Amino acid sequence: MATMNFGGVNETVVTRNEFPLEKAREVLKNETIAVIGYGVQGPGQSLNLRDNGFNVIVGQRKGGKTWDKAVADGWVPGESLFEIEEACQRASIIQYLLSDAAQIEVWPRIKPLLTPGKALYFSHGFGVTYKERTGIIPPADVDVILVAPKGSGTSLRRMFVEGRGLNSSFAIFQDATGRAWERCVALGIGVGSGYLFETTFKKEVYSDLTGERGTLMGAIQGLLLAQYEVLRENGHSPSEAFNETVEELTQSLMPLFAENGMDWMYANCSTTAQRGALDWMTPFHDATKPVFQKLYAEVAAGNEAQRSIDSNSQADYREKLEKELKALRESEMWQTGAVVRKLRPENN
Ligand SMILES: NC(=O)c1ccc[n+]([C@@H]2O[C@H](COP(=O)([O-])OP(=O)(O)OC[C@H]3O[C@@H](n4cnc5c(N)ncnc54)[C@H](OP(=O)(O)O)[C@@H]3O)[C@@H](O)[C@H]2O)c1
């Protein structure tokens, strides 16, 4: 563990310097890791673990496209690819990476396979934190641990292949063996994390639900659309509105403040832009903070979790989702986006 100062606040983090891959391999040398589910996180985590030299198998229900995808990725049926229950039986560490709704449905079949001394691993605090709603209550004699990569499983894999790493949080919910910490951190390093920061299951789920509903996904669409609409209502063309709202942000400015911070980006734009950005950042902050406060309260009350469980467990969930996504895709702003993407020189 290393102590780092984050803007005046000390936090302990784990990096590959203190916990190198060789140490992770040593900690897990007698373990069989079963990655259950081959959706988004499943492929990223299992392939990274495999390429890092761990003993890993995949558990996936048979008969669908996902099983075929696992086979295409080199997992061999009967050797390294099994039905969910068989993989759980064979494993000492079970990485429960089904969708959060499927975790609830499949749990009664998993629970009896969690024999003493095994570790149950999550990448989201959802199932355990909202246990009254999900029914996911692990037996007392297994380790219950979490590594939550802060990004998509696709990015986790992509960045690993590029020799980079996605930051992850980690948490121990239950230490039955006395080895929960080292198992957890070794898995965090093994799946290809950048640095690891410690959290709790509850804090992970509260921050994650807030983040994805907020600036990462929900708020960003709301904010972009509001500006796009105002420009359009004032007679600006779709091209102009989209470029001033989305394209410049994603293509030009975001990479700059990702690399060097916001002050650097402000310092390296026109003086006109600088003055305006500095003056307007506070009204935008003040207008949106109450919405973030309301969002956090809804998450903490469990209402957001309940809404997700209710909606994601409906049989026609995917159909309804596709309808909503179609509406987004066919909105003028994103139709314009599709044309703008086509016009990028690299796509011509
Ligand atoms: N998405 C991300 O990048 C991300 C990021 C950080 C954390 N997480 C967390 O990681 C975990 C996995 O998320 P994910 O997005 O990777 O999941 P996902 O893609 O939605 O998971 C799909 C997997 O669940 C299986 N599944 C669905 N319904 C099932 C059922 N009724 N019975 C058996 N299997 C079923 C699917 O098999 P079929 O294809 O056969 O249906 C597939 O293997 C979650 O806890 C999530 O919160 C995800």
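Scoring rules and cut-offs
Numbers given to residues run from 1 along each chain, matching the order in which its sequence is written. Under the rules for a predicted model, residues below a pLDDT of 70 receive no local features and side-chain atom pairs below 80 are neither given nor counted, while totals for whole chains, interfaces and linings still include all residues. Heavy atoms throughout the structure, all of them, feed into the side-chain values; hydrogens and water do not. Secondary structure elements follow DSSP: runs of H or I of four or more residues count as helices, runs of E of two or more count as strands, with numbering from the N terminus. The span expected for a helix works out to 1.5 Å for each residue beyond the first. Residue burial is assigned from relative accessible area. The probe radius is 1.4 Å, only protein chains are included, and a residue is buried under 20% of its type maximum, exposed over 50%, and partly exposed in between. This arc is taken over the directions from the axis of the helix to the C-beta atoms. By definition in these notes, contact holds between two residues if any of their heavy atoms fall within 4.5 Å. Within this scheme, the nonpolar core is defined by two criteria: the residues are buried Ala, Val, Leu, Ile, Met, Phe, Trp, Tyr or Cys, and they are joined through side-chain atoms within 4.5 Å. For two strands to be treated as a pair, DSSP must find at least two bridges joining them. A clockwise path from the first strand over the helix to the second, with the strands pointing away from the viewer, defines a right-handed crossover. Axes here mean lines fitted to C-alpha atoms, for a helix over just the part in contact, with angles spanning 0 to 180 degrees between N-to-C directions.

Time to look at helix H17 (residues 332-343). With 12 residues, H17 extends 17 Å between its outermost C-alpha atoms, agreeing within 8% with the 16 Å of an ideal straight helix rising 1.5 Å per residue. For H17, the complete set of buried residues consists of Met-333, Thr-336, Gly-337 and Val-340. End-on view of H17: buried residues confined to an arc of 110°, all on one side of the axis. Contacts made by the buried residues of H17 are with helix H11 (218-233) and helix H12 (238-260).

By size, the foremost hydrophobic cluster in this structure holds 32 residues, and its most contacted members are Phe-19, Leu-28, Ile-33 and Trp-75. Counting only elements with at least two residues in this core, the list comes to helix H1 (21-27), strand E3 (33-36), helix H2 (41-51), strand E4 (56-59), helix H3 (65-72), strand E7 (119-122), strand E8 (143-149) and helix H9 (180-190). In terms of residues, this core owes the most to one element, H9, which gives 6 residues. One finds Ala-34, Ile-84, Trp-107 and Leu-114 within the second-largest nonpolar core, a separate group that totals 26 residues.

Further remarks concern the pairing of strand E6 (residues 93-96). Residues Ile-93 and Gln-95 of E6 are buried on one face, and the alternating residues Ile-94 and Tyr-96, pointing to the opposite face, are buried as well. Bridge analysis of E3 against E6 gives 4 bridges, and the strand direction is parallel. Residue Ile-33 lies in a different strand from E6, and its bridge partner there is Ile-93. With 3 bridges connecting them, E6 and E7 associate as parallel partners. Looking at the pairing, Ile-93 lines up with Ala-119 of E7. At this point the chain moves from E6, through helix H5 (residues 100-110), to the parallel E7, and the crossover so formed is right-handed.

All right, on to the sheet that holds strand E2 (residues 9-14) then. Across the sheet, 10 strands lie side by side as E1-E2-E10-E9-E8-E7-E6-E3-E4-E5; this open sheet has mixed pairing. In the strand order of this sheet, the two ends are held by strand E1 (2-6) and strand E5 (81-82), each with one partner. In this structure, E7 lies alongside E8, joined through 4 bridges in parallel fashion. Residue pairing across strands places Tyr-121 opposite Ile-145, the latter belonging to E8. Helix-sheet contacts for helix H10 (residues 201-213) involve E7, E8 and strand E9 (166-174), and the interaxial angle to E8 is about 30°.

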